[in-house]
Amino acid sequence: MNLENLLRDNIKALKPYSSARDEFSGEAEVFLDANENPFNAPYNRYPDPLQRTLKTKISELKKVAPEKIFLGNGSDEPIDLIFRAFCEPGKDNVVTIDPTYGMYQVAAGINNVEVRQVKLDDNYRLAASELLRAADQYTKAVFVCSPNNPTGNLLEKSEILKLVTGFHGIVVVDEAYIDFSPESSLLPELDQYPNLVILQTFSKAWGMAGIRLGMAFAHPAIVAVFNKIKYPYNINILTQQTAMELLEKSPEKNGWVKLILEERAKLAEELAKLPFTQKVYPSDANFLLVKMHDARGIYTYLTEQKIIVRDRSKVTLCEDCLRITIGSPEENAQLLEALLNLV
Ligand SMILES: *Cc1c(COP(=O)(O)O)cnc(C)c1O
C-alpha cells in the first residue's frame, strides 16, 4: 500500500489548523494563549487535542503504542474520517458486506461516495475473493465488521486476512463487539499490516455509549492523517476524564460481559422454545438475531408493552428477523414474559 497514492490531493495539500494547545504543550503556570476564561476551572480550559493521558492508559490496556491510537467522538468519527481522507466524492468507492452496520453507508452517502455491497452467504459468511472482485482502481477502502451487526457472527479470520493482504487500500475491521466473542482481536497483528484499521468502542462492553468515545488502531501514518483532519478538540474534557475513571473498572466490565454472555445463552434457549420462533442465530455479540413468524407484528406488540427491540425484517438476508439486545436479567425476563403472553 502506498498511503500517498491513496490520499485525496486536497488532504495531502492541507495545512491543518494549529491550535494554541498544539503550539505549546509543556509545563507552564499562566496560560494567556487561547482566549479562555480564567474562571470556572477546570472546564474553562480547552482539552488536550491528542488526549495524551487517556491514550497512555488505553495503550497499557490494549498493549498498543500511543501513536497507533486515534480517539474519536464514537467509532462514527473515524468511519467518517476514512471517507474524508481517502475518497474523492463522485469518483472513488468503497466495498463492504451486506448486511452490516448502517453507518458505513450513511458516512459514504454524506461524502457522496459509492458503496459496493457484497452479500454474505446464507450462513452470513464472508468470501474475501468476492469483495476483492468487487474492488477496482477507485476503491479506497473495504469495511468489514466482526462480530457483524446485525447478524451477530464473527467473520472468519483467515478471510479477513485475505482481504488485508490482497487489497492495497485501507481495510477497516470494526470490532465493536469483540469483547463478547470467543475469538480475540486482530490487534496483536496490527504491526504486520500497514493498511489495517481496527475499530473498537467504549459504547458496548464498557457501558459508556453516552460519553461518545471510539478507538481506531492503525499504522502511525494513518493515525497522523486522522489527526490532521479531525476537529482540533474532538474529545471533550468530560469524556476524557470519565473514560479515565471508568477504565479503572476493568474488572467490573469483565463482570458485565460475563453476565451478558450467561444471559445471552439463557435467552437464546428460551426464545428458541417459542412456537413463533423460526431460528435463533448463533451470536458472538451482545444481541441475538431471531427469525420469527410475523416479526413485524411481534415488534409492534412489544412496543405496546413498552419493550423496544430492533426490527431488521427489511434488511438483506434478515427477512422476518428481530435484533434483540441482551439486557439485564430483569429486562430479559420481562421480554420473555411478554412474548409468552402471545403463546
Ligand atoms: C454500536 C456499533 C459501533 C459503535 O459506534 P460508536 O459510535 O462508537 O458508539 C460501531 N460499530 C458497530 C458495528 C456497532 O454496532
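Below is a summary of the structure that appears in this document. None of the values given here were measured: they were computed from a predicted structure. (Residues numbered from 1 in each chain as written. Predicted model: local features only at pLDDT ≥ 70, side-chain atom pairs only at ≥ 80, totals over all residues. Heavy atoms only, no water.)

1. Description of the nonpolar core
In terms of nonpolar packing, the biggest core is built from 46 residues, with Ile58, Leu126, Leu131, Val144 and Phe217 touching the most fellow members. At 4 residues, helix H8 (residues 157–166) tops the list of elements feeding residues into this core. For Val144, the residues in contact, after removing those within four places along its chain, are Ile97, Tyr104, Leu126, Leu131, Leu155, Leu163, Val172, Val173 and Asp174. Core analysis: the next-biggest nonpolar cluster, separate from the first, contains 32 residues, Ile82, Cys87, Val197 and Leu199 among them. (Core = buried A, V, L, I, M, F, W, Y, C linked by side-chain atoms within 4.5 Å. Buried < 20%, exposed > 50% of the residue type's maximum accessible area, 1.4 Å probe, protein only. Helix = DSSP H or I, 4+ residues; strand = E, 2+ residues; numbered from the N terminus. Contact = heavy atoms within 4.5 Å.)

2. Some thoughts on the site of the ligand
Among the 13 residues in the neighbourhood of the ligand, the closest are listed as Tyr177, Thr201, Ser203, Lys204 and Arg212. Within the side chain of Asn149, a nitrogen or oxygen atom sits 2.8 Å from an oxygen atom of the ligand. Burial of the ligand by the protein chains amounts to 93% of its free accessible area of 390 Å². (Near = heavy atom within 4 Å. Polar contact = N/O pair within 3.5 Å; in protein donor to acceptor, adjacent residues only side chain to side chain. Areas by Shrake-Rupley, 256 points an atom, 1.4 Å probe, with all protein chains shown as cover.)

3. With respect to the pairing of strand E3 (residues 114–119)
Examined bridge by bridge, strand E2 (residues 93–98) and E3 share 6 bridges and lie parallel to one another. When the sheet's bridge partners are listed, Val94 is paired in E3 with Val115. In this fold, E2 hands off to helix H6 (residues 103–110), which returns the chain to E3; that crossover is right-handed. (Pairing = 2+ DSSP bridges. Right-handed = clockwise from strand over helix to strand, strands pointing away.)

4. Regarding the side chain of Ser19
Along the chain, the position of Ser19 falls in the loop between helix H2 (9–13) and helix H3 (20–23). A polar contact is formed between the side chain of Ser19 and the side chain of Tyr233, at a distance of 3.4 Å.

5. Remarks on H6
For an α-helix, 3.6 residues make a turn, and residues three or four places apart therefore share a direction. Those residues of H6 that fall on the buried side of the exposure criterion are Tyr104, Ala107 and Ala108. Buried positions in H6, seen along its axis, are confined to an arc of 100 degrees and lie on one side of it. Exposed residues pointing more than 90 degrees away from the buried face of H6 are listed as Gly109 and Ile110. Remark: Asn112 follows H6 within two positions and exhibits a positive phi of approximately 55 degrees. (Arc of directions from axis to C-beta.)

6. Side note on helix H4 (residues 52–62)
Buried residues of H4: Leu54, Lys55, Ile58, Ser59 and Lys62, and no others. In an axial view of H4, the angular spread of the buried residues amounts to 140 degrees, which keeps them on one side of the axis. Summarising the geometry of H4, the exposed residues directed more than 90 degrees from the buried face are Thr53 and Glu60. Residues of H4 that are buried in the fold lie against strand E1 (69–72), strand E6 (196–201), strand E7 (214–217), helix H9 (220–229) and helix H10 (237–246). Two residues or fewer after H4 comes Lys63, characterised by a positive phi angle close to 55 degrees.

7. Focus: the packing of aromatic side chains
Inspection of the entire model under this criterion finds 9 aromatic pairs. The interplanar angle of 10 degrees and the centroid separation of 5.4 Å between the aromatic rings of Phe83 and Phe143 together place this pair among those described as stacked. Linking Phe83 in helix H5 (residues 76–86) with Phe143 in strand E4 (residues 139–145), this pair joins segments that are 60 residues apart in sequence. Ring centres 5.1 Å apart and planes at 80 degrees place the aromatic pair Tyr177 and Phe287 in the edge-to-face group. (Phe/Tyr/Trp six-rings, centres within 6.5 Å; stacked < 30°, edge-to-face > 60°.)

8. Here's the deal with empty space enclosed by the protein
A complete count under the given rule lists 1 cavity of 30 Å³ or more for this structure. Its volume calculated, the largest cavity comes out at about 80 Å³. Forming the boundary of the largest cavity are Ser146, Leu154, Leu155, Lys157, Ile160, Val173, Glu175, Ile178, Glu183, Ser184 and Leu186. The residue makeup of the lining of the largest cavity, split by class, is 6 nonpolar, 2 polar and 3 charged. (1 Å grid on protein atoms, 1.4 Å probe; cavity = no way out; pocket = protein on both sides within 12 Å on 5 of 7 lines; lining within 4 Å. Points joined across faces, edges and corners; volume = space filled by probe spheres on them. Nonpolar A, V, L, I, M, F, W, Y, C, P; charged D, E, K, R; others polar.)

The values are spatial; any link to function lies outside them.
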